[in-house]
Amino acid sequence: MLTIEFEDAKSWIELLEAIRDIVEEAFFVATPEGLSLRAMDSARVAMVDLKLPSVYFSNYNIEKEEVKIGFSISSMVKILKGMRKGYKLTLELGEENLIKLRFIGKGYHTFEFPLLDIEGENIPSLKLKFDAKIKIETKVLMDAVENIEKFSDYATFKVESEKFMIYGKSEKGRATSEFSKEDLIELQFENEAISSYSTEYLLNILGKDNLSEITVIEFATKVPLKVTYNLENEGELVYYLAPRTETE
Amino acid sequence: MIIRASKIKRLYIEPSPSICIPCKGSKYLCGRSYCPLLLKFNKNLSDQNKHLLVIEGTSPPSIFVGRYNYPKVRIGPLLPNKFGSTELYDIPEFWLTLRIEDILNFRYELIRSYNSIKVDEAKDPRNWIINLQDMLLSSKGVDIHVKLKKNPTKLNLIDDVIPPMGPSAPFENFDILSFHSSDRSLEKVYYDYDLNASEAIIKLYNNGMYVSRISKVLSAGMLGLKKYRKFVPTRWSITAVDDTISKHLIAKLKFYPTIDKIRVFKKNIHLNNFIIIMFPEKWSYEWIEAWYPNTTWNIQGKDVSIESDYESYVGRKDYAKLGGCYYSVRLAVSEYLLNEKRQAKVLAIREILPGFVTSIGVWFVRESVRNILKENYKEFENSLEALNYVFENLNISKDELILKSKILKDELQQNKINMYY
């Protein structure tokens, strides 16, 4: 019914690790175009939008128009943890409601998981207009948010003229990181923008430098933050994070 | 080296809500070897047991396992010095409609007779332990004759988790005078040495056994794999059972859809104002206690003291700082949701109003919340309206509550993704 091959098993495990802090159960959809996942966290504050087109894989074979694959991400990550280096991975879905993972490298290892018996919900696309788009080194952005998290439960993102700022404050003090256009890989903005986002969520979304060394962020005043990691072979992992109601 | 008494500095601090609420007489955070507040509640005791050397009476049936000196603990039958139908004395599931003073009266009649024994002797129990376990197999009261080594102490047992109990005394020996038929479902689990303790707890619960009775048999070392059986201090067994069952129920309710609208339940029971709010979102849970001045753990304070504990959809790994109550209420709300075949985000608030100056055990919050969730609720379409209603029905200040509550903060200060479809 469906056979997908990853040249390197590590990329599949790293993707699952990247989304497991937001999503507990994943409902992937496979079509002739590729494999995708759209899911929200249980509190409906963040959303994951993963697109892996068929060219992302070393082999992609589907016999149906659409196949749904639901499983618990955290339990799969736990089981596959030891299998990351130097293995080729084949993911197969047969008729018997099992997802079968085969690791080929030093030896031949097979894992089978029952698919989740519940339907994933259909989540519509978000209608968002952004005022600012920033490309920044993944590690640099993560470091800045980690500093702010020591002071505040939320980080305020601000763009004005040629400057991008992130800051947070509380009775413990204040942390600010400022980036001029030269510090960034790219800075585009149409209007000044300011919005605050939960640091707890940001820490789960940012810093995925094993997926991409560059993070693209887009935002506008009181609009969700869009975080994009461009993956190899046209793959894309996008997170959306709803803003706090008030901006400070 | 001899240290003169006058050189030893006072290392204890005076009771205050910030140390007493997380402690509740269990951790001695004030540095004393006893809880000064509990001792105060305990002072007017009768001397009726002063000359007792033999107790003859009907045990509900019940035992008490202490936690001091663990792993060598005190264990023995719990019984009043009278025969009769005493079953009610140890079934908190029936106590909510009684007056607190009546509960205290019959609980204080129960004398804790004990002998010290190592907890892992449960895997190879000696004869008197087997007799004790046999007694617990009966669902009816069991008549016992206990010969004491010395007269009972004057102190009752008052604790925030365990229901109150009367004084204690070491026993010389005891004889069971009457036999009743055993509870078959319990007997099956007791003799199943390959069934682990969590599975045994769930099995008994699914068979309809009261959680108070499950914790009793767990404490008596009657559940679990043979090689791992242990006596479990009564206090720990109560919370272990609430925790194990509610975890199991939460895993099940996560397969159901969310409720459709916000539900708010409220009720005042014995000077405790309970409000339970359920939001139409995936499972998460927060428990808040607000202790007014002139209540058990805030006896001399001037301000209301608010503490909270939270778990997300994924659950928690550490022990809740509010302790036993957190797990008892989690059991009550997860039972309700599973029965409704729904999941929800749940915020449960308990205001303890001035005058509630006793400590009667976590059964009180479990049974209160179970009772409240059987009654009608008010439904709301939007969260602002619901929260306004909640704040109107609470005595504590809205701002202070928001400051302490993760769920309220998120509800009022965090937008949701689905606003942007």
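What counts and what doesn't
Once a new chain begins, its residue numbering starts again from 1 and follows that chain's sequence as written. Think of it this way: whatever chain is written first is A, whatever ligand is written first is 1, and the rest follow in order. Only residues with pLDDT of at least 70 are given local features in this predicted model, and only at 80 or more are side-chain atom pairs given and counted; all residues enter the totals for whole chains, interfaces and linings. Derived side-chain values reflect all non-hydrogen atoms in the structure, with water molecules and hydrogen atoms excluded from consideration. A pairing counts as a salt bridge when a side-chain nitrogen of Lys or Arg comes within 4 Å of a carboxyl oxygen of Asp or Glu. The way it works is that DSSP assigns letters per residue, a run of H or I at least four long becomes a helix, a run of E at least two long becomes a strand, and they are numbered from the N terminus. Buried, partly exposed and exposed residues are distinguished by accessible area as a fraction of the type maximum, computed with a 1.4 Å probe on protein chains only: under 20%, between the cut-offs, and over 50%, respectively. Think of each axis as a best-fit line through the C-alpha atoms, taken over the contacting stretch in the case of a helix, with angles from 0 to 180 degrees between the N-to-C directions. Note on terminology: angles under 35 degrees are roughly parallel, angles over 145 are roughly antiparallel, angles of 65 to 115 are roughly perpendicular, and the others are oblique. It is the rotation of the near helix from the far one that decides the hand of a crossing: anticlockwise by less than a right angle makes it left-handed, clockwise makes it right-handed. Note on contacts: a residue pair is in contact if any heavy atoms of the two residues lie within 4.5 Å. Domain delimitation follows an automatic or database domain assignment. Accessible area, probed at 1.4 Å, shrinks when two parts are joined; the buried area is that loss added up over both. The pairing criterion is simple: DSSP has to find at least two bridges between the two strands. For every residue, the pLDDT score states the predictor's confidence, bounded by 0 at the bottom and 100 at the top.

Oppositely charged side chains may form a pair once their charged atoms are brought near each other. All names here are of chain B. According to the stated counting rule, one finds 41 salt bridges over all chains in the structure shown. In this structure, Lys261 engages Glu381 in a salt bridge whose closest nitrogen and oxygen atoms are separated by 3.4 Å. Here Lys261, found in the loop between α8 (234-253) and β7 (262-269), pairs with Glu381, found in the loop between β12 (378-380) and α11 (383-392); they are 120 residues apart in sequence, far enough to count as distant. Given a relative accessible area of 30%, Lys261 falls into the partly exposed group. Using a relative accessible area of 62% as the deciding quantity, one classes Glu381 as exposed.

Moving on to the packing of α11(B) against helix α13 (residues 406-413) of chain B. All names here are of chain B. Contact geometry for α11 and α13: axes closest at 10 Å, N-to-C directions at 135°. What the angle tells us is that α11 and α13 run oblique. Note that α11 runs across α13; the crossing there is left-handed. Residue-level inspection shows Ser383, Leu384, Leu387 and Phe391 of α11 in contact with α13, the latter providing Leu408, Glu411 and Leu412.

Moving on, we come to the domain arrangement of chain B. Residues and elements named next belong to chain B. Considered domain by domain, chain B is made up of domain 1 (20-176), domain 2 (184-253) and domain 3 (262-418). Domain 2 and domain 3 are separated by 27 Å when their C-alpha centres are compared. In this assembly, 13 residues from domain 2 lie in contact with 17 residues from domain 3. Summing both partners gives a buried area of about 1300 Å² for domain 2 against domain 3, and 68% of it is carried by carbon and sulfur.

For the rest of this paragraph, the subject is the pairing of strand β5 (residues 142-148) of chain B. Residue and element names in this part refer to chain B. Burial along β5 is one-sided: Val142, Ile144, Val146 and Leu148 are buried, and none of Asp143, His145 and Lys147, which face the opposite way, are. Bridge analysis of strand β1 (residues 54-59) against β5 gives six bridges, and the strand direction is antiparallel. Within β5, the residue paired with Ser59 across the bridge is Val142. Pairing geometry for β5 and strand β6 (residues 168-176), over five bridges, is antiparallel. The residue of β6 that forms the bridge with His145 is Asp175.

Paired through backbone hydrogen bonds, the strands of a sheet run either parallel or antiparallel to each other. Residue and element names in this part refer to chain A. Strands sit in the order β6-β2-β3-β4-β18-β17-β16-β10-β14 across an open sheet of nine strands; the sheet is antiparallel. Taken across any chain shown, the strands that pair with only one partner, and hence form the sheet edges, are β6 (67-72) and β14 (186-189). With strand direction ignored, the average angle separating the axes of adjacent strands in the sheet is 15°. As defined by bridge partners, strand β16 (residues 214-219) adjoins strand β17 (residues 225-230) across three bridges and the pair is classed as antiparallel. Residue pairing for β17: Val216 is matched across the bridge by Thr228. The strands that helix α1 (residues 9-19) touches are β2 (25-31), β3 (34-40), β4 (46-53), β6 and β18 (236-241); relative to β18, the one it contacts most, it runs at about 5°. Each of β2 and β6 touches helix α2 (residues 73-80); the most contacted strand, β6, lies at about 70° to it.

Further remarks concern the pairing of strand β11 (residues 345-352) of chain B. All names here are of chain B. Within β11, eight of the eight residues are buried, which leaves the element mostly enclosed by the surrounding structure. Residues Lys345, Leu347, Ile349 and Glu351 point to one face of β11 and Val346, Ala348, Arg350 and Ile352 to the other, with burial holding for every one of them. Here eight bridges tie strand β9 (residues 284-291) to β11, and the two strands are oriented parallel to one another. Paired with Ile288 across the strands is Ile349, a residue of β11.

Now for the confidence of the model for chain B. All names here are of chain B. Per-residue confidence for chain B gives a mean pLDDT of 91, with 94% of residues at or over 70. In this model, residues 1-10 is a region of pLDDT below 50 whose contacts with residues beyond four sequence positions or in other chains number one contact. Interface predicted TM-score (ipTM) for the complex: 0.92; the corresponding pTM is 0.84.

Listed by partner, the interface residues are 28 residues for chain A and 15 residues for chain B. In total, chain A and chain B occlude about 2000 Å² of area from one another, counting both sides; carbon and sulfur atoms represent 55% of this. On the chain A side of the contact with chain B, Ser42(A), Arg44(A) and Arg244(A) bury the most area, a combined 26% of that side's loss. Inspection of the region where chain A meets chain B yields one salt bridge.

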